[in-house]
Amino acid sequence: MPGRLRVVLAFLAAFSVVCSAAAAADVTLAPQRVVKNEVALTVRPDGVLHARESVTYDFADGGNVIARRFVTKTRDNDRRDRVFKVANLKAASADGGPATVTASADGDFTIVRISGPRVTGAHTTVLEYDVHGAFSSGASGQELRWTALGGWQVPVSEARVTVDSAAVIRNLNCFAGELTSSVGCTQFFTNHTHSRGEFVQQNLFPREYVTVAVGYPPDTTTGAPLFERRHTLATAFTVNAVTGGALVALLVALLGGLALLYQLRGRDSRIVGQKAAE
């Protein structure tokens, strides 16, 4: 066999091995995804939202942790942020999925991780928690606004949010995509009694969200928004009871120091004058 032909055949054999290895790697690293994510929100008289969230997660060839980024801080204005608190977290799984839940703060987000034994394929975990700070009041009534779903590291095939309350819903809206998105959800509507809002979204990309907004009559709840002061250069020089008192104390100390310096300088001048006269 000519030497050149042997080289070509060897190259083709090596290329075939590489392609086979790549194909095997693709099979081994099958992508994980959220098959279905459903969040049922119930409005309480005190404005707290109770959430029951069902997550059907496809672990593909294996995994033991799922994690979701809750948006728990948003910019309100230059001096303060609006804060949402997620509390009383618990998780369970009837089919062997992850059920040990932990939460940690990460800037404007709260990372909720649910872990368990290593599993493969699709498993469902049910997560329950309370949300504080989702209601605000205006001249025309109250509004519930909450980024109810999303923040996964993997795609979400099907997502649904429901909001139930004793009050009649006046209006509702829904946005899907990045946090600043103004794109409407796939579908949103109320039931025949206007006491439930339903929001549906298909095919979310990783780290995309669904934000729901529901309008209610005044005094539907006693809930109020939560705020936190922004730590910026502008707020560092804001005059309040503490900073104002500190400025007054500093001014008094400065004036006292100037008075003492004036007295010492006058005394020295008198001493010099007396010595000159002698």
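Refer to the preceding data block for the structure.
It should be emphasised that the depicted structure is a prediction, and the values quoted were computed from it without experimental measurement.

Asks: Help me out: how do you make sense of the state of the cysteines in this one?
Replies: As used in these notes, a disulfide is a covalent bond between sulfur atoms, one from each of two cysteines. Going through the model one piece at a time under the given rule, you end up with one disulfide. Between Cys174 and Cys185 runs a disulfide, and the two sulfur atoms are separated by 1.7 Å. On the sign convention where negative is left-handed, the bridge of Cys174 and Cys185, at about -65° about the S-S bond, is left-handed. Pair noted here: Cys174 is in strand 13 (residues 171-177) and Cys185 is in the loop between strand 13 and strand 14 (187-190), with a separation of eleven residues, a long-range link. Of the two residues, Cys174 and Cys185, both sit in the buried class.

Asks: Just checking my understanding: could you explain the pairing of strand 8 (residues 109-119) for this structure?
Replies: Along any regular strand, the residues point their side chains to alternate faces of the sheet. As paired elements, strand 3 (residues 63-71) and strand 8 share eight bridges and run antiparallel to each other. Looking at strand 8, one finds that Val71 is bridged to Phe109. Two elements, strand 7 (residues 100-106) and strand 8, share seven bridges in a ladder whose sense is antiparallel. Its bridge partner lying in strand 8, Ala103 is registered against Val112. Hairpin connection of strand 7 to strand 8: two residues between the antiparallel strands, including Gly107 at a positive phi of 65°.

Asks: Sorry if this is basic, but what is going on with the sheet that holds strand 10 (residues 135-138) here?
Replies: Hydrogen bonds between backbone atoms are what pair the strands of a sheet, whose relative direction is either parallel or antiparallel. The four strands are arranged 10-11-16-13 in an open sheet whose pairing can be described as antiparallel. Edge positions in the open sheet fall to strand 10 and strand 13, since each of these has one partner strand only. Taken over all neighbouring pairs, the strand axes of this sheet differ in orientation by 20° on average, direction set aside. Of the pairings in the sheet, the one linking strand 10 to strand 11 (residues 141-150) comprises four bridges and is antiparallel in character.

Asks: What exactly am I supposed to notice about the sheet that holds strand 7 here?
Replies: With respect to topology, three strands assemble into an open sheet ordered 3-8-7, the strand pairing being antiparallel. Only two strands of the sheet have a single partner each, and these edge strands are strand 3 and strand 7. When the angles between neighbouring strand axes are averaged without regard to direction, this sheet yields 20°.

Asks: Hey, could you run me through the pattern of salt bridges in this one?
Replies: It is possible for side chains bearing opposite charge to pair when their charged atoms get close. Scanning all chains against the criterion turns up eleven salt bridges. Among the ionic pairs, Asp58 bridges to Arg33, the shortest N-O distance being 4.0 Å. Taken together, the residues span a long stretch of sequence, with Asp58 in strand 2 (residues 49-58) and Arg33 in strand 1 (residues 33-43) at a distance of 25 residues. Between Asp164 and Arg196 there is a salt bridge whose closest N-O contact spans 2.9 Å. Residue Asp164 is located in strand 12 (residues 156-164), and its partner Arg196 is located in strand 15 (residues 196-204); the two are separated by 32 residues in the primary sequence. Of the residues examined, Asp164 reaches a relative accessible area of 22% and is grouped as partly exposed.

Asks: Is there a simple way to explain the packing of aromatic side chains in this structure?
Replies: To describe a pair of aromatic rings, you give the distance between the ring centres and the angle between the ring planes. Tallied over the entire structure, the rule returns six aromatic pairs. Judged by centre distance (6.3 Å) and plane angle (50°), the rings of Tyr57 and Trp152 are tilted. Of this pair, Tyr57 sits in strand 2 while Trp152 sits in the loop between strand 11 and strand 12, and the two are 95 residues apart along the sequence. In terms of burial, Tyr57 and Trp152 fall into one category: buried.

Asks: Please explain the side chain of Ser54 as it appears in this structure.
Replies: If you trace the backbone, Ser54 turns up in strand 2. Take Ser54: its relative accessible area is 19%, and that puts it in the buried class.

Asks: Sorry if this is basic, but what is going on with the pairing of strand 5 (residues 80-83) here?
Replies: Two elements, strand 4 (residues 73-75) and strand 5, share three bridges in a ladder whose sense is antiparallel. Across the sheet, residue Lys73 finds its bridge partner in strand 5, namely Val83. Connecting the antiparallel pair strand 4 and strand 5 is a turn made up of four residues. Of the pairings in the sheet, the one linking strand 5 to strand 17 (residues 226-229) comprises four bridges and is antiparallel in character. Its bridge partner lying in strand 17, Arg80 is registered against Arg229.

Asks: Would you explain the environment of Ala139 in this entry?
Replies: Within the fold, Ala139 resides in the loop between strand 10 and strand 11. Sequence separation between Ala139 and Pro218 is 79 residues; the distance between their C-alpha atoms is 8.2 Å.

Asks: Sorry if this is basic, but what is going on with unusual backbone geometry here?
Replies: Trans peptide bonds make up most of the peptide bonds, and negative phi angles are found at most residues other than glycine. In this structure, Ala60 is a non-glycine residue whose phi angle is positive, near 55°. Looking at where Ala60 falls in the secondary structure, it is placed in the loop between strand 2 and strand 3. Its identity is not glycine, yet Asn88 carries a phi of approximately 60°, on the positive side. You can see Asn88 is positioned in strand 6 (residues 85-92).

Reading guide: rules and limits
Residues numbered from 1 in each chain as written. Predicted model: local features only at pLDDT ≥ 70, side-chain atom pairs only at ≥ 80, totals over all residues. Heavy atoms only, no water. Disulfide = S-S within 2.5 Å. Helix = DSSP H or I, 4+ residues; strand = E, 2+ residues; numbered from the N terminus. Buried < 20%, exposed > 50% of the residue type's maximum accessible area, 1.4 Å probe, protein only. Pairing = 2+ DSSP bridges. Axes fitted to C-alpha atoms, helices over the stretch in contact; angles between N-to-C directions. Salt bridge = Lys/Arg side-chain N within 4 Å of Asp/Glu carboxyl O. Phe/Tyr/Trp six-rings, centres within 6.5 Å; stacked < 30°, edge-to-face > 60°.

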